[in-house]
Each structure stands twice: as C-alpha cells, then as structure tokens.
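Secondary and tertiary structure notes
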Amino acid sequence: MRLWKRATGALKDRYSIWVAKLSPCGPCRNPDLETVIIKATNHDEQCMDYKNVQRVFQWLRTSPLYLKPLLYTLSMRMEKTRSWVVALKGLMLIHGVFCFDLPTVQRMGRLPFDLSHFNDGHLSPEKAWVFNAFIRSYFAYLDQRSTFLRLEAKKEGKNNNGKEMEETLMEELQNLDKLQGLIDMLLQIKPRTQNMNVGLILEAMDCVMDEVLEVYGKLSKGIHRALLRIHDIGGKEEASFALDVVKKAKMQGDKLSLYFDFCRDIGMVNASDYPKIVSIPEKDIQELQRIMNGAFERKGLEGENGGVGNEDKAILVRDCSAIATVSEQMQSQNGLMTVITDQWQVFDDDIIVGVQQNTSNVISLTHTTNPFVESYSLVPYNPIYNHVLPDLISL
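1. Comments concerning the overall build of the protein chain
What the protein chain contains, in helices and strands, is twelve helices and four strands. Within the span of the protein chain, comprising 395 residues, buried residues form 39% of the whole. Taking contacts inside the protein chain between residues at least 6 apart in sequence as the whole, the part at least 24 apart equals 72%. Accessible surface, the protein chain: about 24,000 Å² in total, of which carbon and sulfur atoms supply 55%.

2. Details of a positive patch on the surface
Among the surface-exposed residues, Lys21, Lys39, Lys51 and Arg55 lie close enough to one another that they form a single positively charged patch. Relative to the helices and strands, Arg55 is located in helix α3 (residues 50–62).

3. Quick notes on the packing of helix α8 (residues 169–186) against helix α9 (residues 199–233)
Contact geometry of α8 with α9 gives a least axis separation of 9 Å together with a crossing angle of 155°. Put simply, α8 runs roughly antiparallel to α9. In this structure, α8 meets α9 at a crossing whose hand is left-handed.

4. With respect to the packing of aromatic side chains
Evaluation of the coordinates by the stated rule reveals six aromatic pairs. Residues Tyr15 and Trp18 carry aromatic rings whose centres are separated by 6.1 Å and whose planes lie at 35° to one another, so their mutual orientation is tilted. Of the two residues, Tyr15 and Trp18 both sit in helix α1 (residues 2–22), three residues apart, roughly one turn of that helix. Given the relative accessible area of 52%, Trp18 is considered exposed. When the ring of Trp84 is compared with that of Phe131, the centres are 4.4 Å apart and the planes differ by 25°; the resulting orientation is stacked. Taken together, the residues Trp84 in helix α5 (residues 84–97) and Phe131 in helix α7 (residues 125–159) connect sequence positions 47 residues apart. Pair check on accessibility: Trp84 and Phe131 agree, each one buried.

5. Considerations on α8
Between its first and last C-alpha, α8 extends 26 Å over 18 residues, near the 26 Å set by a 1.5 Å rise per residue. When we look at burial in α8, the residues that qualify are Leu169, Met170, Glu172, Leu173, Asn175, Leu176, Leu179, Gln180, Leu182, Ile183 and Leu186.

6. Some details on the confidence of the model for the protein chain
Here the protein chain averages 75 in pLDDT, while 70% of its residues score no lower than 70. Mean pLDDT per element in the protein chain: helix α12 (residues 371–374) is the minimum at 35, and α5 is the maximum at 95. The low-confidence segment residues 296–387 (pLDDT under 50) makes 102 contacts with residues lying over four places distant or belonging to another chain.

7. What to know about the packing of α3 against α5
Contact geometry for α3 and α5: axes closest at 11 Å, N-to-C directions at 40°. Relative to α5, the element α3 is oriented oblique. Both α3 and α5 take part in a crossing whose hand is right-handed. For the pair α3 and α5, contact is made by Tyr50, Val53, Val56, Phe57 and Leu60 and by Met92, Leu93, Gly96 and Val97, respectively. A breakdown of the residues in the contact of α3 with α5 according to their chemical character gives eight nonpolar, one polar and no charged.

8. Notes on the pattern of salt bridges
According to the stated counting rule, one finds nine salt bridges in the structure shown. Among the ionic pairs, Asp13 bridges to Arg77, the shortest N-O distance being 3.1 Å. Residue Asp13 is found in helix α1, and its partner Arg77 is found in helix α4 (residues 67–80); the two are separated by 64 residues along the sequence. Taking relative accessible area as the criterion, Asp13 reaches 10% and is therefore assigned buried. Arg77 gets classed as buried once you look at its relative accessible area, which sits at 12%. Two residues, Lys248 and Asp184, come together in a salt bridge whose shortest N-O distance is 3.1 Å. Linking Lys248 in helix α10 (residues 236–265) with Asp184 in helix α8, this pair joins segments that are 64 residues apart in sequence. Among the ionic contacts, a cluster of salt bridges with common partners joins Glu172, Arg225 and Arg229.

Calculation rules
Here, residues in each chain are numbered from 1, in the same order as that chain's written sequence. With the structure being a predicted model, the display of local features is reserved for residues of pLDDT at least 70 and the display and counting of side-chain atom pairs for 80 or more, all residues being used for whole-chain, interface and lining totals. Hydrogens and water molecules were not included; the side-chain quantities draw on all heavy atoms of the structure. What counts as a helix is a DSSP run of H or I of at least four residues, what counts as a strand is a run of E of at least two, and both are numbered from the N terminus. Exposure categories follow from relative accessible area, calculated using a 1.4 Å probe and restricted to protein chains: below 20% of the type maximum is buried, above 50% is exposed, and the middle band is partly exposed. The contact definition used throughout considers only heavy atoms, calling two residues in contact when any of these lie within 4.5 Å. Throughout, the Shrake-Rupley method with a 1.4 Å probe supplies accessible areas, and for residues the shown protein chains are the sole cover considered. Each patch groups residues whose relative accessible area exceeds 30% and which form no salt bridge, using 9 Å between like charges and 5 Å between nonpolar side chains of Val, Leu, Ile, Met, Phe, Trp and Tyr. We define a salt bridge as a side-chain nitrogen of Lys or Arg found within 4 Å of a carboxyl oxygen belonging to Asp or Glu. Residues scored as positive are Lys and Arg, those scored as negative are Asp and Glu, and His as well as the terminal groups of each chain are ignored. Charge positions come from single atoms, namely NZ of Lys, CZ of Arg, CG of Asp or CD of Glu. Only the stretch in contact is used when a helix axis is fitted, and all axes are lines through C-alpha atoms; the angle between N-to-C directions ranges over 0 to 180 degrees. Comment on the angle field: the value is read as roughly parallel under 35 degrees, roughly antiparallel over 145, roughly perpendicular from 65 to 115, and oblique elsewhere. Each crossing gets its hand from how the near helix is turned against the far one by less than a right angle, where anticlockwise is left-handed and clockwise is right-handed. Stacked, tilted and edge-to-face are the three classes assigned to paired rings of Phe, Tyr and Trp, where Trp is represented by its six-membered ring and a pair needs centres within 6.5 Å; plane angles under 30 degrees give stacked, over 60 edge-to-face, the rest tilted. One fewer than the residue count of a helix, multiplied by 1.5 Å, yields its expected span. A residue's pLDDT is the confidence the predictor assigns to it, expressed on a 0 to 100 scale. Classification used: nonpolar for Ala, Val, Leu, Ile, Met, Phe, Trp, Tyr, Cys and Pro, charged for Asp, Glu, Lys and Arg, polar for all others including Gly.

Structure follows, in structure tokens:
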C-alpha cells in the first residue's frame, strides 16, 4: 500500500511538471519556476527536497519580481492539493520566503491561499485528523505572522519618511500583546500522536522551534524595554496593561519549558541545544503592581488639589536600596525612589551637584543626590576633552 501511494504521488508530480512546462509565460507565470516549486513540494513524505527549495530561493534572490509568480504557483498548488505532505511542504517553503529581508515580502500581508479548513483526502478520518490539525495550526500561525510583518513594515516606512517617530508606550505594549498571540499559536503546532513522528514532521518542527526562539526573544527584549519606560513615565493604564503582559509572559515561559521537553521526547535532533526559559520573578510582578498603585495614588492627590499647587505636599528622594525593584537595571546606583510626604524638606545646595575641573581639562561629576542627575546613571559617562584645533590657515 505504501509503495502504491509513493508511485501515485510521483506520477502526480510528473504530470504537474509536464503541464507547467506547457504553460505560457506571463507576469504571474514562469514555467521554469513552476517546475522547481513542484519538485520542492513533491509527494515524498520522508523529507523535504532542500535542493529544489534552494533553487526557489535563488530565483527570489535574483529579482524580487519573481515573488509574484512564486506566490501564484504556490497558491494554485495549495488550493488544489488534498495531500498533507504537499500542503506541509508548501507551508515550509513560504516560511522560508519570510526569512528574506525584502520589502515586497514584508508588505505581502495575508497568505494568498487558505488552508484553515484543510482535509487530507488520502487517509482515513481516524488517521487524517492529526495531520489536518497540524496543517491548520501551522497555516494559522504563518498567516498571522505575515500580517504582523506587514504592520511592522508600515511602521518602519513611516519612520523612514524623514521624521523620527518614536513608538508610544501603549503602542509598544500592544505590540507585545501581539507577539504573545503569535507564541500561543506556535504552541499549537505539534504532533499529537506517535504516528506523526515521521521525518517531514520533525523537519517542520525544527522550523517551528526556530520561530519560537526568535519570537520569544523579541518578546523578552520588548518586555524589558517597556518596563524601563513604565518605571520612568508610565501611568496607571500603561502599568495595568503591562501587568497583564508580564503575567501572561510568565505563564508562557512555563508552557515553553514543557514544549521544549515535548520536543526532546519525540526525538528532535536540535532539542538538546534549546536554551532554558527563565521565568519572570514574582517580585518583578509585585513591583509593577506597586508602580501601578503609586501612579493611581498620585493622580488621586492631583485631583483633590485641582492639579495646581500642592501647598501641603512635597516630593523628595530617599534611599530605597533595600526595596525590591522591577529589575536591577531599573534603579539607580544609589537606589533612589520618589515618595510623597506631608513635611517640607530642606536641602543643602552644596550636596546637589559638584562639578570639578581637573588639571587635564577633564570635566567629571562628583557624587550627587540630585534625582535628575542620578537618572542618567544608566547611561555610560564619556568624558569630554578640550582639544586645541591647529591653525590650518597659517600653515
């Protein structure tokens, strides 16, 4: 039965290649490229034909104009096929296309074909449902990822128009929420029975795992950057949104650890090289809650006094190095924090800031308790040297 199935698949591939060679050339059709795509998405379930996959990529490297016939041929083949092998190879091929840093690829938007209701027509329903679920979940992720790439390309296009537009804190948090949605979709892509542990499925899982590491890396960096901004300028709404993101990230970290263990159990080759997921500490979540509550209290105090001239309140900076913070990098070297007090505090002007001029013309800052100066402690200080420019005219 297996031999007959392989022979039937090979005959179908040959017929498709024969039809492709007879097709006329046009803006959406290229017979040579169609032939290579058919060979790259053949019916062999043992492994991916990487030789022809690289040939497809070589066409795309030659000119971005070949993207249109590539997508046309691939979409026509995906819409017609009822084989999970061809469908999976097509998804892996379009996944590789996403790795090209081409504006035409990034602006592509949703995929030009639909496999959300894919059903294999060569297996019994009892055996086909696991492969159908794998194809549908893989397609759903790639379709959403393509949409996400288009949104990112639009943002970069706006920033390249000559005006530097910094992303707002809320927009950054919403972007993190979308990344978490992508991670949830990635976790749905996995073999569900032992019968799926075939070579092609394991190769697809390698692609999925690389995507998991890339997306989760972006998420981790984004959360770190957002927490720093919230600590500086965030309000109650931003802190509340960030708290939900951080809690979900902690849950996703636990799920990813289980997902990696699952990949090792099914025999993935590169599973032993995957890094260990570091979960977000509980103290960081508590610190974010404290910031959110503190922002709410400050807004309440401003509302009671009409937002103008708090005559019986003063803001000072005190030592808080013993208090747990969101991150060690989010606090200054002296552990300073802003608190509200009912008493006026007296400061000596001598301890605010001292600037000394040494003999080597190097300007250095002495130890200070000025909060505005200490806020720059995260930025490395580069000394400024006063060099005397030569008189080139007299020379």
